[in-house]
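Tertiary structure, described
Now for the letters of each chain:
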Amino acid sequence: MLPPWELSLYLLASLGFHFYSFYEVYKASREHEEELDREFELDIDALFGGLKKDPTDFEWSFWMEWGKQRLAWLMLGHAAVSQMAMLLARKRQWYRTETEYYLLQFTLTVRCLYYTSFSLEFCRQQMPAARASYSFSWMLAYIFYYPVFHNGPILNFPEFIKQMQHPELCSLKDSLCILARGLGRLLCWWLLAELMIHLLYMHAIYSSARLLGTVSYWTLGGLALAQVLFFYVKYLVLFGVPALLMRLDGLHPPPLPRCVSTMFSFTGMWRYFDVGLHNFLIRYVYIPLGGSQHGLLGTLLSTALTFAFVSYWHGGYDYLWCWAAFNWLGVTVENGIRRLVETPCIQDTLTRHLSPPTRRRLHAAVASCSTSMLILFNLVFLGGNQVGKTYWDRIFIQGWPWVTLSVLAFLYCYSHVGIAWAQTYTVN
């Protein structure tokens, strides 16, 4: 472990970089507000004293609009019905307009994983007696379970059936406490997400290649942090609502995403951000392809095909194939370095010549390089190939050496905080 003063210094530096870069994004948002308003039609919203709102994140705007119109009432209806009679919410008529088409698209994208899980588990059952829980009625209950129907999170069928057959039912008092705490957290996350898009026009600026190419380096870094943190907070809301309803039904939902500011590796990002999707990929794609049981080439092939599945499932666009390929490369390099460091020869050398705090600092230095690529590649996912190219050119080509080294120094502090968080809170 590092001395408390040193770890505190890294934490304060990391927070300072976050807040100052967000301030630069805020200044850029105010400076270019009229231009962005003309190009992207910023929304006028009374939520934060008349501040205009960046509406260009399609996913957030779409779900918030549907939440106000129907989904919130349907979710509340499900909660009330399930608590009183444990019945499914009655069906509604959907998909009449182009906007509702996107709801259908989101829904079917998630449903395909659910019926894939059920079908593969059904095929694995060898004995007729073992198929009792794999009836048509259980399939319908699993595929049409409403809290996770539209947008997840993903819960594999064995886990679903086990929990549904033995739910942890609470008293009315305990259920009300769960509901109150859950609604309080959701309100805080929702307000934070709304505040971010009222103060920081990150999505609109990302949509303007000219602005993204001219803003200051501090603003550029703040935009990257704001984009990935907004993505995290957005999914705390989108996954938090069904997770709360599942708890009221006596089920255990997959853990909510881990804060991206504590992520310092590709492996950790895939394992802890969308836990349900990660579990699905491991159980139904990676392991059936052979996983790590067929040598190095088999592992590389299984991992590559798993990322190909993820890219295709997300839509199969060009930028998604690039994002998947870069993430495959990142995971492969990290696992290669980990295997190298775990060899007895390297382990003995490090233990003999480096103290534990020095080994921690070396880990953070290596992790800072990994984190820089993790953020860059995820910006490709969130903003497209052009955004990724702009960041690569400005930070690593035009900005070499001082801007590049400054970013790595910030990520060094960032990695120390993430490593300490992981060692303290991660339960294997």
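Our structure is the block above this text.
So, here's what we can say about the structure.

About the thresholds
Residues numbered from 1 in each chain as written. Predicted model: local features only at pLDDT ≥ 70, side-chain atom pairs only at ≥ 80, totals over all residues. Heavy atoms only, no water. Helix = DSSP H or I, 4+ residues; strand = E, 2+ residues; numbered from the N terminus. Buried < 20%, exposed > 50% of the residue type's maximum accessible area, 1.4 Å probe, protein only. Contact = heavy atoms within 4.5 Å. Phe/Tyr/Trp six-rings, centres within 6.5 Å; stacked < 30°, edge-to-face > 60°. Lys NZ or Arg CZ within 6 Å of the ring centre and 35° of its normal. Core = buried A, V, L, I, M, F, W, Y, C linked by side-chain atoms within 4.5 Å. Arc of directions from axis to C-beta. Axes fitted to C-alpha atoms, helices over the stretch in contact; angles between N-to-C directions. Parallel < 35°, antiparallel > 145°, perpendicular 65-115°, else oblique. Left-handed = near helix turned anticlockwise from the far one by under 90°. Nonpolar A, V, L, I, M, F, W, Y, C, P; charged D, E, K, R; others polar. 1 Å grid on protein atoms, 1.4 Å probe; cavity = no way out; pocket = protein on both sides within 12 Å on 5 of 7 lines; lining within 4 Å. Points joined across faces, edges and corners; volume = space filled by probe spheres on them. Salt bridge = Lys/Arg side-chain N within 4 Å of Asp/Glu carboxyl O.

1. Regarding the overall build of the protein chain
- Within the protein chain, the secondary structure is distributed over 18 helices and two strands.
- In terms of principal-axis extent, the alpha carbons of the protein chain reach across some 65 × 60 × 45 Å.
- Out of the 428 residues belonging to the protein chain, those deemed buried represent 47%.
- For the protein chain, restricting intrachain contacts to residue pairs at least 6 apart in sequence, the fraction spanning at least 24 positions comes to 74%.

2. Focus on the packing of aromatic side chains
- Per the stated rule, a full pass over the model turns up 26 aromatic pairs.
- Geometrically, the ring pair formed by Tyr114 and Tyr142 is tilted, given 4.8 Å between the ring centres and 40° between the ring planes. Of this pair, Tyr114 sits in helix α4 (residues 98–124) while Tyr142 sits in helix α5 (residues 136–143), and the two are 28 residues apart along the sequence. An identical accessibility class is assigned to Tyr114 and Tyr142; each is buried.
- Feature note: the residues Phe231, Tyr235, Phe239, Trp270, Phe273, Phe307, Trp323 and Phe381 constitute an aromatic cluster, connected by ring pairs.
- Just above the ring of Tyr114 sits the side chain of Arg111; from NZ or CZ to the centre is 4.1 Å.

3. Concerning the nonpolar core
- In this structure, Leu223 and Tyr391 are the most contacted members of the largest nonpolar core, which totals 90 residues.
- Broken down by element, this core gets its largest block of residues, 17 residues, from helix α10 (residues 217–248).
- Counting nine residues, the second-largest nonpolar core is a separate cluster that includes Tyr10, Ala364, Tyr412 and Ala422.

4. Examining helix α2 (residues 33–40)
- Of all the residues in α2, the buried ones are Glu33, Leu36 and Phe40. Projection of α2 onto a plane perpendicular to its axis shows the buried side chains occupying an angular sector of 65°, all on one side. For α2, exposure combined with an orientation more than 90 degrees from the buried face picks out Glu34 and Arg38.
- Elements in contact with the buried residues of α2: α1 (4–31), β2 (52–53), α8 (202–206) and α9 (209–212).

5. Remarks on the side chain of Ser117
- Its location among the elements puts Ser117 in helix α4.
- Apart from residues no more than four positions distant in its own chain, Ser117 is found in contact with Tyr142, Asn156, Phe157, Pro158, Phe280 and Tyr284.

6. Re the packing of helix α14 (residues 318–341) against helix α16 (residues 356–383)
- Closest axis-to-axis distance for the α14/α16 pair is 8 Å, and the angle between their directions is 160°. One way to sum up the angle between α14 and α16 is to call them roughly antiparallel. As α14 runs across α16, the sense of the crossing is left-handed. For the pair α14 and α16, contact is made by Tyr319, Leu320, Trp323, Phe326, Asn327 and Glu334 and by Ser370, Phe377, Asn378, Val380 and Phe381, respectively.
- Across the contact of α14 with α16, the residue classes tally to seven nonpolar, three polar and one charged.

7. Let's talk about the environment of Leu225
- Residue position: Leu225 is located in helix α10.
- Separated by 206 residues in sequence, Leu225 and Phe19 have C-alpha atoms that sit 9.8 Å apart.
- In this view, Leu225 contacts His18, Ser21, Phe22, Phe410 and Tyr414; residues no more than four positions away in its chain are not counted.

8. Observations regarding empty space enclosed by the protein
- In this structure the tally under the stated criterion is one cavity of 30 Å³ or more.
- Of the pockets and cavities examined, the largest cavity occupies roughly 30 Å³.
- Taken together, the residues of the lining of the largest cavity sort by class into seven nonpolar, no polar and no charged.

9. Notes on the layout of surface pockets
- Space inside the second largest pocket adds up to approximately 1,600 Å³.
- Around the second largest pocket, the lining is made up of 50 residues, and of these Glu59, Phe231, Tyr235, His314 and Phe381 lie nearest the centre.

10. Side note on the pattern of salt bridges
- Tallying each qualifying case throughout the model produces 10 salt bridges.
- Note that Arg210 and Glu35 form a salt bridge whose closest N and O atoms lie 2.2 Å from each other. Here Arg210 is found in helix α9, whereas its partner Glu35 is found in helix α2, with 175 residues between them in sequence.
- Exposure remark for Arg210: the relative accessible area of 49% places this residue in the partly exposed category.
- Judged by its relative accessible area of 22%, Glu35 falls in the partly exposed class.
- Of the charged contacts in the structure, one is a salt bridge between Glu159 and Lys162, with a shortest N-O distance of 3.7 Å. Of the two residues, Glu159 and Lys162 are both situated in helix α6 (residues 157–165); the distance of three residues between them amounts to about one turn of the helix.

11. Considerations on the packing of α10 against helix α17 (residues 385–397)
- Running from amino to carboxyl end, α10 crosses α17 at an angle of 135°, the nearest separation of the two axes being 12 Å. With respect to their mutual orientation, α10 and α17 come out oblique. Once α10 is placed against α17, the crossing between them reads as left-handed. In contact with Tyr217, Leu220, Leu223 and Ala224 of α10, α17 contributes Tyr391, Arg394 and Ile395.
- Counted by class, the contact of α10 with α17 contains six nonpolar, no polar and one charged residues.

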